[in-house]
Structures are given as structure tokens and as C-alpha cells.
Amino acid sequence: MTTLAAPLTKAFPDNSLEKKAYGIAESFKENLPLMNDRNRLGFNLYRFLKGEGDSPEVIVRSAKFTLNGITKEELAARLNEEIAKLKSELKN
């Protein structure tokens, strides 16, 4: 049997909402050590920013993340701060 090379993936443009949401999630690398947790957080943040998803408090409570050095309440508060910064950037 042979193994094919992994398919190429197209990266999001730097100014896209997806890139910014996943960037926020990636900024919590020390607190969310599992890459899959950060990907789920990025996806949920993207949905929230589009107006389709839950707030950060609900995301953190229901997603069952593996946290390191931070509580769920602190993570939700920091996410709200990052979202507020992002929204102010998007308005300008």
C-alpha cells in the first residue's frame, strides 16, 4: 500500500474574519494545550462573530476544553476582551 501526500489547504486571507477568530484561539496556546481544543474554540468564535453562535461564556462552559492555568470564568472574560478589541478594529 502507498500513502498519498496530504492535500494542500488554502489559508485564509490575513484580513478575513476566520483568520482573526482562529488567531484569537491560537493566542491561548498556553491555556489550551490541545490543538483540537483551539480549533474548536476558533470555529465557535467565528460562528459567534458571524452572529450564529453562542457567547464565549456558553462556549467555554459547554465545549469541555482541557484548561491549563486558567479557570473557565477567566477564559470567558479574556475571550470577551479579545472580541471587543476585534470588533473595535473592524469598525475602523
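For the structure, see preceding data.
Draft legend 1. Structural context of helix H1 (residues 17–26). Residues of H1 that are buried include every one of Ala-21, Ile-24 and Ala-25, and no others. Angularly, the buried residues of H1 cover 100° about the axis, an arc narrow enough to put them on a single face. Buried residues along H1 sit in contact with helix H2 (35–50) and helix H4 (72–91).

Draft legend 2. Representation of the packing of aromatic side chains in the model. Under the counting rule described, the total for this entry stands at 1 aromatic pair. Look at Phe-12 and Tyr-22: their rings are 6.2 Å apart centre to centre, the planes differ by 25°, and that puts the pair in the stacked class. Taken together, the residues span a long stretch of sequence, with Phe-12 in the segment before H1 and Tyr-22 in helix H1 at a distance of 10 residues. Relative accessible area serves as the criterion here: at 40%, Phe-12 is assigned to the partly exposed category. Among the residues examined, Tyr-22 registers a relative accessible area of 27% and is labelled partly exposed.

Draft legend 3. Representation of the pattern of salt bridges. Per the counting criterion, the structure on display carries 4 salt bridges. For Arg-40, the salt bridge goes to Asp-37, with nearest N and O atoms at 2.2 Å. Highlighted residues: Arg-40 and Asp-37, both in helix H2, separated by 3 residues, approximately one helical turn. Overall, the relative accessible area of 31% leaves Arg-40 in the partly exposed class. Between Lys-50 and Glu-52 there is a salt bridge, with its nearest N and O atoms 3.5 Å apart. Since its relative accessible area comes to 41%, Lys-50 is described here as partly exposed. Glu-52 sits in the partly exposed class, given a relative accessible area of 48%.

Draft legend 4. Quick peek at the packing of H1 against H4. Where H1 meets H4, the closest approach of the two axes is 11 Å, and the angle between their N-to-C directions is 155°. Considering the angle they form, H1 stands roughly antiparallel to H4. Two packed elements cross with a definite hand, and for H1 against H4 that hand is right-handed. Packed against H1, whose contacting residues are Leu-17, Lys-20 and Ile-24, the element H4 presents Leu-79, Glu-82, Leu-86, Glu-89 and Leu-90 at the interface. When its residues are assigned to classes, the contact of H1 with H4 shows 5 nonpolar, no polar and 3 charged.

Draft legend 5. Here's a closer look at the side chain of Arg-38. With respect to the helices and strands, the residue Arg-38 is situated in helix H2. Here Arg-38 falls in the buried class, since its relative accessible area comes to 6%. Within polar-contact distance, the side chain of Arg-38 engages the backbone oxygen of Pro-33 at 3.3 Å. Here Arg-38 is in contact with Ala-25, Glu-26, Phe-28, Lys-29, Leu-32 and Pro-33, once residues within four sequence places are set aside.

Conventions adopted
- Residues numbered from 1 in each chain as written.
- Predicted model: local features only at pLDDT ≥ 70, side-chain atom pairs only at ≥ 80, totals over all residues.
- Heavy atoms only, no water.
- Buried < 20%, exposed > 50% of the residue type's maximum accessible area, 1.4 Å probe, protein only.
- Helix = DSSP H or I, 4+ residues; strand = E, 2+ residues; numbered from the N terminus.
- Arc of directions from axis to C-beta.
- Contact = heavy atoms within 4.5 Å.
- Phe/Tyr/Trp six-rings, centres within 6.5 Å; stacked < 30°, edge-to-face > 60°.
- Salt bridge = Lys/Arg side-chain N within 4 Å of Asp/Glu carboxyl O.
- Axes fitted to C-alpha atoms, helices over the stretch in contact; angles between N-to-C directions.
- Parallel < 35°, antiparallel > 145°, perpendicular 65-115°, else oblique.
- Left-handed = near helix turned anticlockwise from the far one by under 90°.
- Nonpolar A, V, L, I, M, F, W, Y, C, P; charged D, E, K, R; others polar.
- Polar contact = N/O pair within 3.5 Å; in protein donor to acceptor, adjacent residues only side chain to side chain.

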